[in-house]
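So the chains spell out like this:
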Amino acid sequence: QVQLVESGGGLVQPGGSLRLSCAASVSFFSINGMGWYRQAPGKERELVATITDGSSTKYAGSAKGRFTISRDNAENTIYLQMNNLKPEDTAVYYCNADVPVPAGSVRVWGQGTLVTVSS
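Residues numbered from 1 in each chain as written. Predicted model: local features only at pLDDT ≥ 70, side-chain atom pairs only at ≥ 80, totals over all residues. Heavy atoms only, no water.

**Side note on the side chain of D98**
The line we're drawing: Helix numbering and strand numbering both begin at the N terminus, where a helix is a DSSP run of H or I of at least 4 residues and a strand a DSSP run of E of at least 2. Pairing of N or O atoms within 3.5 Å defines a polar contact, subject to two protein rules: one partner must be a possible hydrogen donor and the other a possible acceptor, and residues neighboring in sequence count only if both atoms are side-chain atoms.
Here D98 lies in strand 9 (residues 91-101). Within the structure, D98 has its side chain in polar contact with the side chain of R107 (distance 2.8 Å).

**Quick look at the state of the cysteines**
Using the following cut-off: Criterion for a disulfide: a pair of cysteine sulfur atoms within 2.5 Å. Categorising residues by exposure relies on relative accessible area from a 1.4 Å probe, with only protein chains included: less than 20% of the type maximum marks a residue as buried, more than 50% marks it as exposed, and the intermediate range marks it as partly exposed.
Scanning the entire structure with this criterion turns up one disulfide. Between the sulfur atoms of C22 and its disulfide mate C95 the distance is 1.9 Å. Judged by the sign of its S-S torsion, about 45°, the bond between C22 and C95 is right-handed. Of this pair, C22 sits in strand 3 (residues 18-24) while C95 sits in strand 9, placing them 73 residues apart in sequence. Taken as a pair, C22 and C95 share a single burial class, namely buried.

**Re the pattern of salt bridges**
Where we set the bar: Whenever a carboxyl oxygen of Asp or Glu lies within 4 Å of a side-chain nitrogen of Lys or Arg, that contact is scored as a salt bridge.
Summed over all chains, the structure comprises four salt bridges. Put simply, R38 and E46 hold a salt bridge, and the shortest N to O gap is 2.7 Å. Classification of R38 by relative accessible area gives buried; the value is 6%. On the basis of relative accessibility, which here comes to 36%, the residue E46 falls in the partly exposed class. A salt bridge links D89 to R66; the nearest nitrogen and oxygen atoms lie 2.7 Å apart. Of the two residues, D89 sits in the loop between strand 8 (77-82) and strand 9 while R66 sits in the loop between strand 6 (57-59) and strand 7 (67-72), which places them 23 residues apart along the sequence. Accessibility assignment for this pair places D89 and R66 in one class, buried.

**As for the packing of aromatic side chains**
In this description, a pair of aromatic rings is defined by centroid distance and the angle of the planes. The test is simple: Each pair of aromatic rings taken from Phe, Tyr and Trp, with Trp reduced to its six-membered ring, is defined by centres within 6.5 Å and is described as stacked if the planes are under 30 degrees apart, edge-to-face if over 60, and tilted in the remaining cases.
Applying the stated criterion across every chain yields a total of two aromatic pairs. Between the aromatic rings of Y37 and W109, the centroid separation amounts to 5.2 Å while the plane-to-plane angle is 75°, which identifies the pairing as edge-to-face. Taken as a pair, Y37 in strand 4 (residues 34-39) and W109 in strand 10 (residues 104-109) lie far apart in primary sequence, 72 residues in all. The class for Y37 is buried, based on a relative accessible area of 17%. W109 sits in the partly exposed class, given a relative accessible area of 33%.

**Considering the sheet that holds strand 1 (residues 4-7)**
The cut-off we apply is this: A pair of strands is labelled paired if DSSP reports no fewer than 2 bridges between them. Between N-to-C directions, angles span 0 to 180 degrees; the directions come from axes that are lines fitted to C-alpha atoms, helices contributing only their stretch in contact.
The four strands lie next to each other as 1-3-8-7, forming an open sheet whose pairing is antiparallel. Looking along the sheet, the strands with just one partner apiece sit at the ends: strand 1 and strand 7. Between one strand axis and the next, the sheet turns by 15° as a mean value, whatever way the strands run. Relative to strand 3, strand 1 is paired through four bridges, and the arrangement is antiparallel. Bridging across to strand 3, S7 finds its partner in S21.

What follows is the structure, given as structure tokens:
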């Protein structure tokens, strides 16, 4: 059973930075792609960034140029470096992992970490 634990959220002023971490309970060799999503109050969960097992990355338009997703295979951890944060980035941030199973793959989610951007 794959478990994901996020950390690094908190309160930051507009223009500030945060780095989120997502640690997996298994080796990355057991996981395909991973990603970060976020859900703001009253809104649907939306994609922020993804990274494949080959370290190819994709970003939502709102994240391009400000956020960077990366992975540390030795630590089984992915990161989301967020710079120049804006109030509209306020949300619960979730990481996910696509775990291969005989029938295809299963998406596993972490519990989320709250990011609040406010002065």
